[in-house]
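# Summary of structural features
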Amino acid sequence: MNTSTTSKTASKKPQVSRWRSPLIVLAILAACHFLVDIVAGTTSPIWPTLEDHLGMGKGGSLWVYLVWSSSTSFCQLFFGLWADTRHSRWLIWTGPLVGIVCISSIGLASSPLSLAVLISLGGLGIAAFHPEAAATAGALFPDHRSRAKGVGPRAGGII
């Protein structure tokens, strides 16, 4: 076995993207993250209106809010663990799509249960996006992983 061929093959970094510029991919990830955060952020002001609309009484949407927070926060860990063992790049695109569609539809909820289902599915979409987007952003710039993640899925950083 030729060791020089083996060492050359082993030292090659895997190609992360077929795009010519990783900055384009990073910009797309940042745009998806912006959309997800904007849609998620618009739910806070409408909780009292949803309570009235669904007849839940003052503070009745608290349990729905807890479902929302749990699905967006804790489920990121599970999606991250799952993505480590399976091909999951599709989560970058379907996660925001599911999140945006479901959260944008919460005004159509006719019962507290349908609100909880929409809000939790939307939260799962958001949770699915974040770990895979963070991994992709970091892989685009392996020498500047933290800064790449700051621009991509956690907006605010500079490369």
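Use the structure listed above.
Residues numbered from 1 in each chain as written. Predicted model: local features only at pLDDT ≥ 70, side-chain atom pairs only at ≥ 80, totals over all residues. Heavy atoms only, no water.

## Some words on the packing of helix 2 (residues 22-41) against helix 5 (residues 90-104)
Threshold: Interaxial angles span 0 to 180 degrees and are taken between N-to-C directions of axes, which are lines fitted to C-alpha atoms, for helices over the stretch in contact. Secondary structure counts use DSSP, requiring at least four H or I residues in a row for a helix and at least two E residues in a row for a strand, with both numbered from the N terminus. An angle below 35 degrees is read as roughly parallel, one above 145 as roughly antiparallel, one from 65 to 115 as roughly perpendicular, and any other as oblique. Handedness of a crossing is defined here by the sense of rotation of the near helix relative to the far one, left-handed for an anticlockwise turn of less than a right angle and right-handed for a clockwise turn. Should any heavy atoms of two residues lie within 4.5 Å, those residues are considered in contact. In the scheme used here, Gly and all other residues not listed as nonpolar or charged are polar, with Ala, Val, Leu, Ile, Met, Phe, Trp, Tyr, Cys and Pro taken as nonpolar and Asp, Glu, Lys and Arg as charged.
One can describe the packing of helix 2 onto helix 5 by two numbers: an axis separation of 9 Å at closest approach and a directional angle of 20 degrees. Taken together, the axes of helix 2 and helix 5 are roughly parallel relative to one another. Crossing angle aside, the handedness with which helix 2 passes helix 5 is left-handed. Contacts from Ile28, Leu29, Cys32, Leu35, Val36 and Val39 of helix 2 reach helix 5 at Ile92, Trp93, Pro96, Gly99, Ile100, Ile103 and Ser104. In terms of residue class, the contact of helix 2 with helix 5 is built from 11 nonpolar, two polar and no charged.

## Section: the packing of aromatic side chains
Aromatic ring pairs are defined here through the distance separating the ring centres and the angle between the ring planes. As a reminder of what qualifies: Any two of the Phe, Tyr and Trp rings considered here, Trp counted by its six-membered ring, make a pair once their centres fall within 6.5 Å; the pair's planes then place it as stacked at under 30 degrees, edge-to-face at over 60, or tilted in between. Relative accessibility thresholds used throughout: buried, under 20% of the residue-type maximum; exposed, over 50%; partly exposed, between the two (1.4 Å probe, protein chains only).
Under the defined criterion, the tally for this structure stands at two aromatic pairs. Arranged with centres 5.8 Å apart and planes meeting at 85 degrees, the rings of Trp47 and Tyr65 form a pair that is edge-to-face. Of this pair, Trp47 sits in helix 3 (residues 47-53) while Tyr65 sits in helix 4 (residues 62-85); the two residues are 18 residues apart in sequence, bridging distant segments of the chain. For Trp47, a relative accessible area of 8% gives the class buried. With a centroid separation of 5.8 Å and 85 degrees between ring planes, the pair formed by Trp82 and Trp90 is classed as edge-to-face.

## Comments concerning a nonpolar patch on the surface
Spelled out, the test is: Each patch is built from residues lacking any salt bridge and having more than 30% relative accessible area; the joining distance is 9 Å for like charges and 5 Å for nonpolar side chains (Val, Leu, Ile, Met, Phe, Trp, Tyr). Accessible surface is estimated by sampling points in the Shrake-Rupley manner with a 1.4 Å probe; for residues, cover comes only from the protein chains shown. Salt bridge, as used here: a side-chain nitrogen of Lys or Arg that lies within 4 Å of a carboxyl oxygen of Asp or Glu.
A surface patch of nonpolar side chains, amounting to about 400 Å² of accessible area, comprises Val98, Leu113, Val117, Leu121 and Leu124. Within the secondary structure layout, Leu113 lies in helix 6 (residues 112-140).

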